[in-house]
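# Analysis of the macromolecular model
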Amino acid sequence: MAQDTTVPKLNFEYWLDKAIEWGQATTLESQKDVCLHLPQLQEFLRQLYENLKDVGSTVAIQQFPLIGQLLGRLCWNPFVIGYDESQKILMWCLCCLYSSEPQNPVELKANSWIRSLLCHLLSSSKWESNEAETSSFISNLGYTSADYYCHLVKSMVFSLVTELRENQFNGLNNQGSLSASDVNAVSVFCIPLITLPDLTPLLETLLLYHGGSSKEILCPEFLEAVNEAFLKKKISLPESAVFSLWLRHLPSLEKATLHLLDQLVSIQLNSLEEVACVIKDSLLVRA
């Protein structure tokens, strides 16, 4: 049965090596690498979960002896669990490994370890209530923890948008403070957060940003991810930003065209007016 698994051993070892390489993502390079690989990591974890939920904890550990090391490392990487989707799938995987009726000291110890990881994941997205200084600081500002986090995100997005626009304006005079690699790094960090509503102004600014370089400075994976989210209507963007995306990244334009053709073929359309409406909504004619 092990040979029939949907999670090839080679793939498992690849992500374990990645988790070890990333550590707790304390360097800029490791943080960028986590963000670049996060969509593929989430897909791997989904496949792993689908496999685990059908075999039970004992067989799962026999099948993947190092699964504890992999999940443990990922659970303590702030750039992995900072995204709700990753956090949720990790919880699912951990629950699959939990023994409802532990039969020996090993399973008891494993259950205790899993409970501690689940507690860590459940508390990692919030300010800890026992951190007196942080809680006092937030309450003195008149915010709840959730409100404070929301304001932090909006403030960060506003600052980056302002800096990018100023940098674009000053680009001709070579006075901009952001280099092409800085802008590229910002686009990389946006990849796992693209569907976050508060991030939309930053996505728009990045798509309209060109700087003084003759080469594309935005990460290709970022452009692909934005296009995918737009086509699936997970985000809404101004027409100018969409047109800029397709002009600067032709594979995205090609994918948008194929997506439209697929819609026209698969959807039951009763009139030419409906066909015209679908084509108009795609923005491709205006692009």
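Up top you'll find the structure we're talking about.
None of the values given here were measured: they were computed from a predicted structure.

### Thoughts on the pattern of salt bridges
In the structure shown here, the tally under the stated rule is nine salt bridges. In this structure, the salt-bridge partner of Arg 46 is Glu 43, at a minimum N-O distance of 3.4 Å. One end of the pair is Arg 46 and the other is Glu 43, both in helix 2 (residues 28-63) and three residues apart, which spans about a single turn. A relative accessible area of 31% means that Arg 46 is categorised as partly exposed. We classify Glu 43 as partly exposed; its relative accessible area is 39%. Glu 228 is the partner of Lys 255 in a salt bridge, and the nearest nitrogen-oxygen pair spans 2.6 Å. Highlighted residues: Lys 255 in helix 13 (residues 250-266) and Glu 228 in helix 11 (residues 220-231), separated in sequence by 27 residues.

### What about helix 11?
The end-to-end C-alpha separation of helix 11 is 17 Å, in line with the 16 Å expected for 12 residues at 1.5 Å each. Listed as buried for helix 11 are Phe 222, Leu 223, Val 226, Asn 227, Ala 229, Phe 230 and Leu 231. Following helix 11 by one or two positions, Lys 233 has its phi on the positive side, about 60 degrees.

### Looking at the packing of helix 2 against helix 5 (residues 84-97)
Between helix 2 and helix 5, the shortest axis-to-axis distance is 7 Å and the interhelical angle comes to 15 degrees. Between helix 2 and helix 5, the angle is such that the two are roughly parallel. Read as a crossing pair, helix 2 and helix 5 show a hand that is left-handed. Facing helix 2, whose interface residues are Leu 38, Gln 42, Leu 45, Arg 46, Leu 48, Tyr 49, Leu 52, Lys 53, Gly 56, Ser 57, Ala 60 and Ile 61, helix 5 presents Glu 85, Ser 86, Ile 89, Leu 90, Trp 92, Cys 93, Cys 96 and Leu 97. Counted by class, the contact of helix 2 with helix 5 contains 13 nonpolar, four polar and three charged residues.

### Concerning the layout of surface pockets
Estimates place the volume of the second largest pocket at around 590 Å³. Along the wall of the second largest pocket there are 19 residues; nearest its centre are Pro 39, Ile 191, Ala 225, Glu 228 and Lys 234. Among the secondary structure elements, those contributing two or more residues to the lining of the second largest pocket are helix 2 and helix 11. Sorting elements by how many residues they give to the lining of the second largest pocket places helix 2 first, with seven residues. Partitioning the lining of the second largest pocket into residue classes produces nine nonpolar, three polar and seven charged. Summarising the domain contributions, the lining of the second largest pocket has at least three residues from each of domain 1 (12-125) and domain 2 (151-167 + 179-282).

### Considerations on the environment of His 249
Relative to the helices and strands, His 249 resides in the loop between helix 12 (239-248) and helix 13. Among the residues examined, His 249 registers a relative accessible area of 10% and is labelled buried. Between the C-alpha atom of His 249 and that of Glu 216, which follows or precedes it by 33 residues, the distance is 8.7 Å. Non-local contacts of His 249, meaning those with residues more than four positions away in its chain, are made with Pro 220, Leu 223 and Glu 224.

### A short note on the side chain of Ser 252
Of note, Ser 252 is situated in helix 13. Overall, the relative accessible area of 2% leaves Ser 252 in the buried class. When near neighbours in sequence (up to four residues on either side) are disregarded, Ser 252 contacts Leu 223, Glu 224, Asn 227, Leu 245 and Trp 246.

### Quick word on helix 5
End to end, helix 5 covers 20 Å across 14 residues, agreeing with the expected 20 Å (1.5 Å per residue, within 8%). Residues Ser 86, Gln 87, Ile 89, Leu 90, Met 91, Cys 93, Leu 94, Cys 96 and Leu 97 constitute the buried set of helix 5.

### Thoughts on the nonpolar core
Residues Leu 202, Leu 203, Leu 206, Phe 222 and Val 226 are the most contacted members of the largest nonpolar core, which totals 35 residues. For this core, the elements supplying multiple residues, two or more each, are helix 8 (145-170), helix 9 (180-190), helix 10 (200-208), helix 11 and helix 12. If one sorts the elements of this core by residue count, helix 11 sits on top with six residues. Excluding residues that lie within four positions of it along the chain, Val 226 makes contacts with Ile 194, Leu 203, Leu 207, Ile 235, Leu 237 and Leu 245.

Scoring rules and cut-offs
Residues numbered from 1 in each chain as written. Predicted model: local features only at pLDDT ≥ 70, side-chain atom pairs only at ≥ 80, totals over all residues. Heavy atoms only, no water. Salt bridge = Lys/Arg side-chain N within 4 Å of Asp/Glu carboxyl O. Helix = DSSP H or I, 4+ residues; strand = E, 2+ residues; numbered from the N terminus. Buried < 20%, exposed > 50% of the residue type's maximum accessible area, 1.4 Å probe, protein only. Expected span 1.5 Å × (residues − 1). Axes fitted to C-alpha atoms, helices over the stretch in contact; angles between N-to-C directions. Parallel < 35°, antiparallel > 145°, perpendicular 65-115°, else oblique. Left-handed = near helix turned anticlockwise from the far one by under 90°. Contact = heavy atoms within 4.5 Å. Nonpolar A, V, L, I, M, F, W, Y, C, P; charged D, E, K, R; others polar. 1 Å grid on protein atoms, 1.4 Å probe; cavity = no way out; pocket = protein on both sides within 12 Å on 5 of 7 lines; lining within 4 Å. Points joined across faces, edges and corners; volume = space filled by probe spheres on them. Domains from an automatic or database assignment. Core = buried A, V, L, I, M, F, W, Y, C linked by side-chain atoms within 4.5 Å.

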